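Given next are the chains, with one letter for each unit.
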Amino acid sequence: MTASSTIAGTADSQVAPERELSQAAIGFALDKRGISQKTLDLLGAVSGTAFFPTLNAKSEAIFFPTREGGDVVNWKAVAFPDKAFIGKKGGKLQFFNLDAVLKAAPEEVYITEGEFDACALVEAGIPPDRVLSVPNGAREEKAAEDDSDLPKGYDYAIEALEKGLNRVKRVVWCGDMDGPGRALRHQMAKIFGAARFHFVDWPEGSKDANDFLRSDGPDAVLDLVVNGALEWPVSGLFRMSELPEPPPLTLWHPGFSEWGNKIRLAPGTMSVVTGHPGHGKTAMWTQIWFQVVNMYGLVACIASFETRPKPHVRRTLRTLKSGKLEKDMSDDEKARADKWIEERYLWLQHEDQKPNLKWLLDKAEVAVVRHGARILQIDPWNRLEGGRGRDETETEYIGRCLTEMYVFAQQMNCHVQVMAHPAKLDGPRKGKPPELEDISGSKHWDNRIDQGFVVHRPKMFNEDGERSFESELYHKKSRFEELGFPTRLKMRFEPHKGRFTSADQEI
């Protein structure tokens, strides 16, 4: 069968898959990839030429067609001798080789991140009708558009399950070992279910199946994927070797270069900020989140129950964005700042001024799913209506609420921050910075969160009776070392600039 009969009718004039496997393609696959012509034929590979943007040139390539009901609905081309990839413009996202697997209806399938990795498994002895490859590999994940906790781009996997892949009893994930590959593995475990999901950890020095084939040979590949795949942990006791590597934390720098690695923020985590009323915790964290949003191009969702978004928070954000106090800005400068605020901020406002946690998380989920919000700030906690059960103590209630918010942060892959007032401090502690355990309601504010911050003004007025602008930011708790470590940082508010600066002096 020729390539032109296999991949016919493409509208892309830059692509010409038009012949059976050439000798050059066969030689490249064998010499550089360790893949025989027999394996390429079993998986329907053909030769052709394509224009590769990364090479800025046409190149001979090996094409891997994806079929549905016998028709080619997509393909991927791999250039040689220079490495490059290109897919069919407008091609349908579908597992490579899905038609053959569904027709065979095996009890076990092996899934890779690339077509040559699928070839490596077949070369090692896995039947070709038990091998699949994802259509687009690991990539940066985007927010989901529906009510699932999966990012966008996985409809092809759900559709494959509905077509019959759900009858498979054992799924062996044979993906890459890099960070994006591990993140993709986590998503596939959710889709296929932990009960039947297994995974292969390639030995050090090999990042995927094709690497391992070339370094250790087909027998080693076959033995590892058949006999060495690990069960996906569900619950209970595990040895270290059975635990999958989690995807690395995405870290956000707070925007003060002087801080170095003392404080980092991350999606999928939860923080709490406390401080006496009037000590500037809202103003300071409005600036920190502005700097994160501005630096990383994020969207923030703010539940501002005490500080009005208009005009107060808008005034602060206008100043931070333009570098001028609002009173010194022209109408055009205000308009440009407002346009940026419109794109990057969402606001939660309850029509009856009686928000509760369920209402807040329901609306925040819409902000995450529909608008891609990565930051949720609740300011302050005590303005939420209580939902405490009749037989529930305040400690139990706070613990339950913190658990719900923590689960939301992890499932929605966003950072949840709660601003919470401390209880009134009397006696020798009066005027001192509060501890996390001083937050009204429960000691859980200290032990249930990933990061804890305190904003404190040592003096409200200086010796001359003038207003003091010195502040301190305490990083009281960091659950993960990637997020920094406990520290105390000296801050100063510059009223003529409308922003905080950092002296980075640990006291």
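Note that the structure is predicted; figures quoted are calculated from it, not measured. (Residues numbered from 1 in each chain as written. Predicted model: local features only at pLDDT ≥ 70, side-chain atom pairs only at ≥ 80, totals over all residues. Heavy atoms only, no water.)

A. Representation of the overall build of the protein chain. Counting its secondary structure elements, the protein chain contains 15 helices and 19 strands. With the C-alpha coordinates aligned to their principal axes, the bounding extent of the protein chain is approximately 90 × 55 × 45 Å. Taking all 507 residues of the protein chain together, the buried fraction comes to 50%. Mean positive and mean negative side-chain charge positions of the protein chain (68 and 75 charges, respectively) differ by 6 Å. (Helix = DSSP H or I, 4+ residues; strand = E, 2+ residues; numbered from the N terminus. Buried < 20%, exposed > 50% of the residue type's maximum accessible area, 1.4 Å probe, protein only. Lys, Arg positive; Asp, Glu negative; His and termini not counted. Charge placed at Lys NZ, Arg CZ, Asp CG, Glu CD.)

B. Broad picture of the pattern of salt bridges. This model, assessed by the stated rule, comprises 26 salt bridges. The salt bridge involving Arg318 is made with Glu326; its shortest N-O contact spans 2.7 Å. With relative accessibility at 9%, the residue Arg318 sits in the buried group. For Asp450, the salt bridge is made with Arg479, and the minimal N-O distance between the two is 2.7 Å. Here the residue Asp450 occupies a position in the loop between α15 (444-447) and β16 (451-456), and Arg479 occupies one in the loop between β17 (470-478) and β18 (487-494), the gap between them amounting to 29 residues. When its relative accessible area of 37% is taken as the criterion, Arg479 is described as partly exposed. Here the salt bridges do not stand alone but share partners, grouping Glu68, Lys92, Glu159 and Lys163 into one network. (Salt bridge = Lys/Arg side-chain N within 4 Å of Asp/Glu carboxyl O.)

C. Inspection of the packing of helix α6 (residues 155-163) against helix α7 (residues 179-192) at higher detail. For the pair α6 and α7, interaxial distance at closest approach is 10 Å and the crossing angle is 30°. The angle between α6 and α7 falls in the class roughly parallel. Considering how the two elements wind past one another, α6 and α7 form a crossing that is right-handed. Taking contact as the criterion, the partners of Tyr156, Ala157, Ile158 and Leu161 in α6 are, on α7, Met188, Ile191 and Phe192. Among the residues making up the contact of α6 with α7, the classes are represented as 7 nonpolar, no polar and no charged. (Axes fitted to C-alpha atoms, helices over the stretch in contact; angles between N-to-C directions. Parallel < 35°, antiparallel > 145°, perpendicular 65-115°, else oblique. Left-handed = near helix turned anticlockwise from the far one by under 90°. Contact = heavy atoms within 4.5 Å. Nonpolar A, V, L, I, M, F, W, Y, C, P; charged D, E, K, R; others polar.)

D. Structural context of the side chain of Ser468. If you trace the backbone, Ser468 turns up in the loop between β16 and β17. Judged by its relative accessible area of 6%, Ser468 is buried. One polar contact links the side chain of Ser468 to the main-chain amide nitrogen of Glu470, over a distance of 3.5 Å. With near-sequence residues (within four places) excluded, Ser468 lies in contact with Arg457, Lys459, Met460, Phe461 and Asn462. (Polar contact = N/O pair within 3.5 Å; in protein donor to acceptor, adjacent residues only side chain to side chain.)

E. Representation of the sheet that holds strand β6 (residues 108-112) within the structure. Spatial strand order, β7-β6-β8-β9-β10: 5 strands in an open sheet with mixed pairing. Edge positions in the sheet fall to β7 (131-133) and β10 (230-231), since each of these pairs with one other strand and no more. Two elements, strand β8 (residues 170-173) and strand β9 (residues 197-199), share 3 bridges in a ladder whose sense is parallel. Each bridged residue has a counterpart across the sheet, and for Val172 the counterpart in β9 is His198. Here helix α5 (residues 115-124) sits on the sheet and contacts β6 and β7; the angle it forms with β7, its principal contact strand, is near 165°. (Pairing = 2+ DSSP bridges.)

F. Region of the structure containing the nonpolar core. Judged by nonpolar contacts, the single largest core of 39 residues is most densely connected at Leu360, Leu376, Trp381, Met405 and Phe408. Residue assignment for this core shows that the elements contributing at least two residues are β11 (270-274), β12 (300-304), α13 (357-371), β14 (375-379), α14 (394-411) and β15 (415-419). Ignoring sequence-local partners within four residues, the contact set of Leu376 consists of Cys301, Leu348, Leu360, Leu361, Ala364, Phe408, His415, Val416 and Gln417. Counting residues in each nonpolar core, the second largest holds 35 residues, with Ile35, Ala120, Trp202 and Leu224 among its members. (Core = buried A, V, L, I, M, F, W, Y, C linked by side-chain atoms within 4.5 Å.)

G. Fine view of the sheet that holds β17. Within the open sheet, the 9 strands sit side by side as β13-β12-β14-β15-β11-β16-β17-β18-β19. Their pairing is mixed. The open sheet has two edge strands with one neighbour each: β13 (345-347) and β19 (499-502). Between one strand and the next, the sheet's axes are offset by a mean angle of 25°, whatever the strand orientation. Pairing of β16 with β17 involves 6 bridges; the strand directions are antiparallel. Across the sheet, residue Phe453 finds its bridge partner in β17, namely His475.

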